[in-house]
Amino acid sequence: MVAFINGEYKDEEKALLHVSDLSIQRGYAAFDFFRTLDFKPLFLDDYLERFFKSIELLRLNNTYSRQQVKDIIRQLIEENKLAVSGIRMTMTGGYSQSGYEPATANLIITQQKLATPPEENIKEGIKVITYEYQRDLPEIKSINYLMGVWLQQKVKEQQASDVLYYKNNIVTEFPRSNLFVISKDGELITNQKNILEGITRKKVLELAAGEFPVIIKDITLDEINNAAELFMTSTTKRILPVTRVNDKIIGSGNAGQITTALHTSFLSFERSAVK
Ligand SMILES: Cc1ncc(COP(=O)(O)O)c(C=O)c1O
């Protein structure tokens with residue numbers, strides 16, 4: 001695979017950063033991740049908007065325009081000839097003399113094969129555990145997944161696949177996905193505060209508008225336990241049912257009707273978006 005690094009297209013193995021980069025010294029960088037279908041980026045403008053927002057909020061010393069990043073992506077897709085893929089854009093804190101203050105930002109863009117969830121997870125859903133934690137600067141997509149990675153062992157010990165964060169009884173999101181609840185009254189509920197606003201979440205809200213009553217509000221742990229259906233959304237997972245929270249079975253214990261219907265419409269929506 002060819003990667004872009006600071007103005008050059010190189011073999012991935014040669015796309016290297018100096019050890020003084022603030023991403024290595026302090027875990028300080030913004031990133032974003034989108035998919036390609038049929039050699040075309042999916043919802044690219046949405047992802048670029050969020051990437052540039054993260055860059056600005058992290059106060060990185062960025063020297064690239066949105067158009068330049070778009071051109072690099074187009075070139076990378078041409079070089080790698082991978083129709084279905086994930087593309088990751090990372091902008092780091094730069095080579096910092098003090099090891100603490102941001103310097104000129106480094107930009108790396110890589111392309112990779114996609115690992116999407118197995119079919120059985122889409123049908124049966126996954127188990128998650130809950131954990132009290134609030135991400136720092138939640139509206140920023142930063143490379144800091146300290147808690148999520150640290151919790152991996154606990155997640156495995158509980159035979160779960162992921163962890164749902166909550167704080168003061170209010171649930172927020174998963175380390176890499178947003179949350180949707182379908183209430184017993186058939187309302188589609190998602191939260192707004194203290195989360196990263198996912199692009200998949202945004203598209204699901206667009207798809208659901210006019211089809212279901214949509215409510216955006218704080219969601220309590222009780223509402224999770226009493227939900228008719230739950231699902232998570234993310235770029236790689238699309239729409240993935242959550243059928244167990246700790247030891248509580250949600251709904252029938254399999255993917256619910258509304259989740260499955262939304263998943264089907266999401267698949268056709270993304271196909272039509274690259275036509
Ligand atoms: C903290 C967090 N929340 C939500 C998401 C889902 O966002 P998207 O649908 O844009 O992938 C991500 C994606 O990685 C994330 O890191």
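Quantities reported herein were computed from a predicted structural model and do not represent experimental measurements.

### Some details on the site of the ligand
The environment of the ligand is made up of 16 residues, and the closest members are K141, Y145, I199, T200 and T235. The separation between an oxygen atom of the ligand and a polar side-chain atom of Y145 is 2.5 Å. P175 places a main-chain nitrogen or oxygen 3.5 Å from an oxygen atom of the ligand. Out of a free accessible area of 400 Å², the ligand has 96% covered by protein chains. The set of elements that each furnish at least two residues to the shell around the ligand consists of α7 (199-208) and β14 (229-234).

### Details of the sheet that holds strand β4 (residues 40-41)
Whether parallel or antiparallel, the strands of a sheet pair through hydrogen bonds between backbone atoms. With antiparallel pairing, the 6 strands of this open sheet are ordered in space as β2-β1-β6-β5-β3-β4. Since the sheet does not close on itself, it has two edges, and those belong to β2 (8-11) and β4, each with one partner. Here strand β3 (residues 29-37) pairs with β4 via 2 bridges, running antiparallel. Within β4, the residue paired with L37 across the bridge is K40. Docked against the sheet, helix α2 (residues 44-57) engages β3, β4, β5 (85-92) and β6 (107-112), running at close to 175° with respect to β3.

### Description of the nonpolar core
It is characteristic of soluble globular proteins that their nonpolar side chains tend to be buried jointly. The biggest cluster of nonpolar side chains holds 41 residues, and the ones touching the most others in it are V69, I73, L107 and I109. For this core, the domains that each give at least three residues are domain 1 (2-112) and domain 2 (119-273). Setting aside anything within four residues of it in sequence, one finds I109 in contact with A3, F4, V69, I72, I73, L76, I87, R88 and M89. Core analysis: the next-biggest nonpolar cluster, separate from the first, contains 20 residues, V181, A227, L240 and V245 among them.

### Overview of the pairing of β6
Counting buried positions over the 6 residues of β6 gives 5, a clear majority of the element. Bridge analysis of strand β1 (residues 2-5) against β6 gives 2 bridges, and the strand direction is antiparallel. Paired with F4 across the two strands is I109, which belongs to β6. Pairing of β5 with β6, which is carried by 6 bridges, proceeds in the antiparallel orientation. For I87, the partnering residue across the bridge sits in β6 and is Q111.

### Notes on the pairing of strand β8 (residues 162-167)
The buried fraction of β8 amounts to 5 of the 6 residues, a majority that puts the element mostly inside the structure. Here 5 bridges tie strand β7 (residues 126-132) to β8, and the two strands are oriented parallel to one another. Note that in β8 the partner of E132 across the bridge is Y166. In this sheet, strand β9 (residues 170-171) lies alongside β8 in antiparallel orientation, the contact comprising 2 bridges. Looking across to β9, one finds that Y166 is bridged to V171.

### Let's talk about the domain arrangement of the protein chain
Domain assignment breaks the protein chain into domain 1 (2-112) and domain 2 (119-273). Placing a centre on the C-alpha atoms of domain 1 and another on those of domain 2 gives a separation of 27 Å. Taken together, the contact pairs 22 residues of domain 1 with 22 residues of domain 2. Counting each side, the surface lost to burial between domain 1 and domain 2 is near 1,800 Å², with a carbon and sulfur contribution of 66%. Where domain 1 packs against domain 2, one counts 3 salt bridges. Across the salt bridge formed by E270 and R35, the nearest N and O atoms sit 2.5 Å from each other. Counting every contact that joins domain 1 to domain 2 gives 9 residue pairs in polar contact (both at pLDDT 80 or more). Going through the elements one at a time, β3, α2 and β5 are the ones with two or more residues in the side of domain 1 that touches domain 2.

### Side note on the environment of M232
Within the secondary structure, M232 is located in strand β14. The class of M232 is buried, set by a relative accessible area of 0%. Once residues lying within four places of it in the same chain are set aside, the contact partners of M232 are I126, V128, D162, F174, S177, N178, K237, R238, I239, L240 and V242.

Thresholds, definitions, all that
- Residues numbered from 1 in each chain as written.
- Predicted model: local features only at pLDDT ≥ 70, side-chain atom pairs only at ≥ 80, totals over all residues.
- Heavy atoms only, no water.
- Near = heavy atom within 4 Å.
- Polar contact = N/O pair within 3.5 Å; in protein donor to acceptor, adjacent residues only side chain to side chain.
- Areas by Shrake-Rupley, 256 points an atom, 1.4 Å probe, with all protein chains shown as cover.
- Helix = DSSP H or I, 4+ residues; strand = E, 2+ residues; numbered from the N terminus.
- Pairing = 2+ DSSP bridges.
- Contact = heavy atoms within 4.5 Å.
- Axes fitted to C-alpha atoms, helices over the stretch in contact; angles between N-to-C directions.
- Core = buried A, V, L, I, M, F, W, Y, C linked by side-chain atoms within 4.5 Å.
- Buried < 20%, exposed > 50% of the residue type's maximum accessible area, 1.4 Å probe, protein only.
- Domains from an automatic or database assignment.
- Buried area = accessible area lost by both parts, 1.4 Å probe.
- Salt bridge = Lys/Arg side-chain N within 4 Å of Asp/Glu carboxyl O.

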